[in-house]
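Residue strings, one per chain:
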Amino acid sequence: FLAQKRSVKACRSALDAAYKKVVETQFDIENFLIKLRGVTRKDTKVVLVSYPFFSIDESFTLSHPDDPTVVIKAAKEIREIGWQLDLVLDAAVYDVNQASSTSFVTFVSINSLFVGHELDPMDEVLNSEAWVADLSPEEYYRYPVENYVYNTLGHYQIANK
């Protein structure tokens with residue numbers, strides 16, 4: 001991902017927003033799945049797949065260029081948010097299945113599956129074992145927004161989970 005394009009301030013802001021959004025996510029997912037249940041056949045099955053961690057380097061940090069004492073443990077916090085989100089998604093699926101009295105939704109956490117196959121946080125390094133599509137350093141600067149999609153092998157691994 002775009003480590004060198006991020007500032008400490010922007011990273012902190014994004015992490016704080018993500019922590020807050022985790023709680024809302026359970027209700028948003030539950031509401032969506034309940035609405036979906038209402039418009040699908042009775043035998044419909046849904047699989048909800050979590051996001052993988054986005055950093056192979058668990059110790060990756062960002063520091064302020066003018067004040068090296070200001071440090072964010074970016075990868076650690078992203079992983080923490082990922083684990084929290086897994087708990088919330090699992091709870092949402094449980095609640096929806098209880099409300100619909102069926103196993104309408106199956107939740108699949110892929111965090112453990114993707115260990116070693118995440119992106120490298122340094123934009124000049126590509127993880128050849130990544131299961132998430134990564135852009136080359138030259139491509140990073142052509143796209144204003146970061147997008148993460150599974151590559152072919154990532155899709156295959158998720159499908160076989």
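Let me sum up the structure you'll find in this document. Since this is a predicted model, take the numbers as computed values, not measurements.

Points about unusual backbone geometry
Then comes step 1: Of note, S101 is a non-glycine position whose phi angle comes to about 55°, a positive value.
Then comes step 2: Following the sequence through the fold, S101 ends up in the loop between α2 (74-100) and β4 (105-108).

Things to note about the pattern of salt bridges
Then comes step 1: On inspection of all chains with the given rule, the structure shows six salt bridges.
Then comes step 2: For K21, the salt bridge is made with D28, and the minimal N-O distance between the two is 3.2 Å.
Then comes step 3: Look at K21 and you get partly exposed, because its relative accessible area is 38%.
Then comes step 4: The exposure class of D28 is partly exposed, given its relative accessible area of 40%.
Then comes step 5: The partner of R41 in a salt bridge is D43, and the shortest N-O contact between them spans 2.6 Å.
Then comes step 6: Residue R41 is classed as exposed on the basis of its relative accessible area, which comes to 60%.
Then comes step 7: It is possible to trace a salt-bridge network through shared partners that takes in R12, D16 and E77.

Observations concerning the side chain of R79
Then comes step 1: Counting through the fold element by element, R79 comes out in helix α2.
Then comes step 2: R79 gets classed as buried once you look at its relative accessible area, which sits at 9%.
Then comes step 3: Side-chain polar atoms of R79 contact the side chain of E118, separated by 3.1 Å.
Then comes step 4: Leave out the neighbours within four places in its chain, and R79 touches F53, S55, I56, E58 and E118.

Focus: helix α1 (residues 8-38)
Then comes step 1: Here α1 is 31 residues long and its end C-alpha atoms lie 44 Å apart, about the 45 Å a rise of 1.5 Å per residue gives.
Then comes step 2: The sharpest bend along α1 measures roughly 40° and falls at E24.
Then comes step 3: Elements in contact with the buried residues of α1: β1 (46-49), β2 (62-63), β3 (71-72), α2 and β4.

With respect to the packing of aromatic side chains
Then comes step 1: Enumeration over the complete set of coordinates arrives at one aromatic pair.
Then comes step 2: Judged by centre distance (5.1 Å) and plane angle (85°), the ring pair of F114 and W131 falls under edge-to-face. Highlighted residues: F114 in the loop between β4 and α3 (137-140) and W131 in the loop between β4 and α3, separated in sequence by 17 residues. Each member of the pair, F114 together with W131, is buried.

Points about the environment of R41
Then comes step 1: Within the fold, R41 resides in the loop between α1 and β1.
Then comes step 2: A distance of 2.6 Å separates polar atoms of two side chains, one belonging to R41 and the other to D43.

Rules and cut-offs
- The numbering scheme is per chain: residues are counted from 1 as the chain's sequence reads.
- Only residues with pLDDT of at least 70 are given local features in this predicted model, and only at 80 or more are side-chain atom pairs given and counted; all residues enter the totals for whole chains, interfaces and linings.
- Side-chain descriptors were evaluated using all non-hydrogen atoms of the structure, hydrogens and water having been removed beforehand.
- Every helix listed is a DSSP run of H or I at least four residues long, and every strand listed is a run of E at least two residues long, numbered separately from the N terminus.
- The rule for a salt bridge is simple: a side-chain nitrogen of Lys or Arg has to be within 4 Å of a carboxyl oxygen of Asp or Glu.
- Working definition: with a 1.4 Å probe on protein chains only, accessible area under 20% of the residue-type maximum means buried, over 50% means exposed, and in between means partly exposed.
- Pairs of N or O atoms are called polar contacts if they sit within 3.5 Å, as long as, within protein, a hydrogen donor faces a hydrogen acceptor (for residues adjacent in sequence, only side-chain-to-side-chain pairs).
- Pairs of residues are marked as contacts when any of their non-hydrogen atoms sit within 4.5 Å.
- Working rule for helices: expected span equals 1.5 Å times residues minus one.
- Bend, at a single residue, is the angle you get between axes fitted to the 7 residues ending at that residue and the 7 residues starting at it.
- Planes of paired rings set the category: under 30 degrees apart is stacked, over 60 is edge-to-face and the rest tilted, where pairs are Phe, Tyr or Trp rings (Trp by its six-membered ring) whose centres lie within 6.5 Å.

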